[in-house]
Amino acid sequence: MKAPDGNKLAILHALSQGGFISGQVIGEQLGISRAAVSKHIITLQEMGLDIYKVNGKGYCLSQPLSLLNQQDIESTYAQLDGSGCTFEVQPIIDSTNTELMRRLQSGNISNNSVLVAEMQKQGKGRRGRTWQSPFAANLYYSYYWRLDDGIHATMGLSIAVGLAVYDALKALYDLDVQLKWPNDVLINGRKLAGVLVELDGTAEGPCHLVIGIGLNVAMPEAAAEHIDQPWCDLNELAQDVNKNQLVAVLTCFLQKRLGQYQQHGLQAVYKQWNAVHAFAGECVELSSGTSKWRGICEGIDEQGAIVLRIDGQSKRYFGGEISLRVKS
Ligand code: ATP
């Protein structure tokens, strides 16, 4: 699918201001006919945008839409005394993580680059799963970070990233965020965001990390139908969500957490993570391929391994292939 451009993008900008706007007014602003406006609206609806029409009033978005703007991100980041990161906004991309990995491979990337997009055609979860990424609805964010200490230092990085998302959501919207091992951000058991860390490097040499964060802001119904687990979005939890502010604030917290991680690993923060983790003290099941382990979830240790109490003993599990589910 193509991202809206030209007149479609202009229509979307007009609608994103909020309220109703008539086809005639839009047409006059763009110098096109009402019929042409109506055709563009139909295409936007087909792309998954919830736009509806009321006779005599015109068109309206079913929920407010916040569009990405590079200048807004940069100025908010500067107001927050942020420094060191560069920002780029793309309307459409296969996946923000894939794009940064490609740039990494071609040597065309600088440390602390942030890439955000309005839409991902191939948004990724772990192990080939799909991350629903409809146009203009949510945040699709990637950050490139070079770590000179090598791969051994990257164990548990998703934990530090989860805490940065926690910080941003707490600071901006005072949300009761829970973190699910190893990479999910939940509100009342429903998934609001996911983290996907991809890496390239050797144990001895520098390690190149691409940190992806997908965070739901205003999920349209059509895309939500493809999500096979409980989910939520920011629009139902907070007022006046501004994606540009979110990008700037998230980046500042991410930089702080990455700096902390580089210096002390998870030593200083694993207890903090344990204080907000989903399923604390609950019966859970870990699975990896055909292996399964059931026990009481005790939280994580200093390396970011998940600890389960099984038959009276605490056992640690670690690895990118493991999934955690609560068992009632
Ligand atoms: P694991 O515990 O192994 O990480 P997971 O189901 O959380 O399992 P992820 O790879 O983290 O897997 O995320 C992909 C899954 O998240 C999809 O299979 C789907 O169930 C769900 N999902 C996809 N898009 C979204 C979205 N925009 N918001 C919330 N959940 C989504």
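Values in this document were obtained by computation on a predicted structure and should not be read as measured data.

1. Digging into the pattern of salt bridges
- Applying the stated criterion to the full structure yields 17 salt bridges.
- The salt bridge involving Asp167 is made with Arg257; its shortest N-O contact spans 2.8 Å. Here the residue Asp167 occupies a position in helix H6 (residues 157–173), and Arg257 occupies one in helix H8 (residues 243–264), the gap between them amounting to 90 residues. Across the pair, exposure class does not vary: Asp167 and Arg257 are buried alike.
- Its salt-bridge partner being Glu298, residue Arg309 comes within 2.8 Å of it at the nearest N-O pair. Of the two residues, Arg309 sits in strand E12 (residues 306–310) while Glu298 sits in strand E11 (residues 291–300), which places them eleven residues apart along the sequence.
- For Arg309, a relative accessible area of 35% translates into the label partly exposed.
- Because the salt bridges share partners, they merge into one network encompassing Glu88, Asp94, Glu99, Arg102 and Arg103.

2. Points about unusual backbone geometry
- Omega for the bond connecting Trp181 with Pro182 falls within 30 degrees of zero, at -5°, which places this linkage in the cis form.
- When you line up the elements, Pro182 lands in the loop between strand E6 (178–180) and strand E7 (184–187).
- Despite not being glycine, Asp174 shows a phi value in the positive range, around 50°.
- Its location among the elements puts Asp174 in the loop between H6 and E6.
- Positive phi, normally seen in glycine, also occurs at Asn188, with a value near 45°.
- Note on placement: Asn188 falls in the loop between E7 and strand E8 (190–201).

3. With respect to the packing of helix H1 (residues 6–16) against helix H2 (residues 23–30)
- Packing of H1 against H2 leaves a shortest axis separation of 11 Å and a crossing angle of 125°. In terms of their interaxial angle, H1 and H2 are classed as oblique. In the packing of H1 onto H2, the handedness of the crossing is right-handed. Contacts between H1 and H2 involve Asn7, Ala10, Ile11 and Ala14 on the former and, on the latter, Ile26, Gln29 and Leu30.
- The residue inventory of the contact of H1 with H2, partitioned by class, reads five nonpolar, two polar and no charged.

4. Some points on the packing of aromatic side chains
- The tally for this structure, following the rule as stated, stands at three aromatic pairs.
- Centre to centre, the rings of Tyr77 and Phe87 are 4.9 Å apart; their planes meet at 75°, and the pair counts as edge-to-face. A residue pair is termed long-range when its members are at least 10 positions apart, and Tyr77 in helix H4 (residues 70–79) and Phe87 in strand E3 (residues 86–93) qualify at ten residues. Of the two residues, Tyr77 and Phe87, neither departs from the other in class, the shared state being buried.
- Measuring from centroid to centroid gives 4.9 Å for Trp293 and Tyr317, while their planes differ by 40°, and the two rings are tilted. With Trp293 in strand E11 and Tyr317 in strand E13 (residues 313–317), this pair connects stretches of sequence that are 24 residues apart.

The rules behind these values
- Residues numbered from 1 in each chain as written.
- Predicted model: local features only at pLDDT ≥ 70, side-chain atom pairs only at ≥ 80, totals over all residues.
- Heavy atoms only, no water.
- Salt bridge = Lys/Arg side-chain N within 4 Å of Asp/Glu carboxyl O.
- Helix = DSSP H or I, 4+ residues; strand = E, 2+ residues; numbered from the N terminus.
- Buried < 20%, exposed > 50% of the residue type's maximum accessible area, 1.4 Å probe, protein only.
- Axes fitted to C-alpha atoms, helices over the stretch in contact; angles between N-to-C directions.
- Parallel < 35°, antiparallel > 145°, perpendicular 65-115°, else oblique.
- Left-handed = near helix turned anticlockwise from the far one by under 90°.
- Contact = heavy atoms within 4.5 Å.
- Nonpolar A, V, L, I, M, F, W, Y, C, P; charged D, E, K, R; others polar.
- Phe/Tyr/Trp six-rings, centres within 6.5 Å; stacked < 30°, edge-to-face > 60°.

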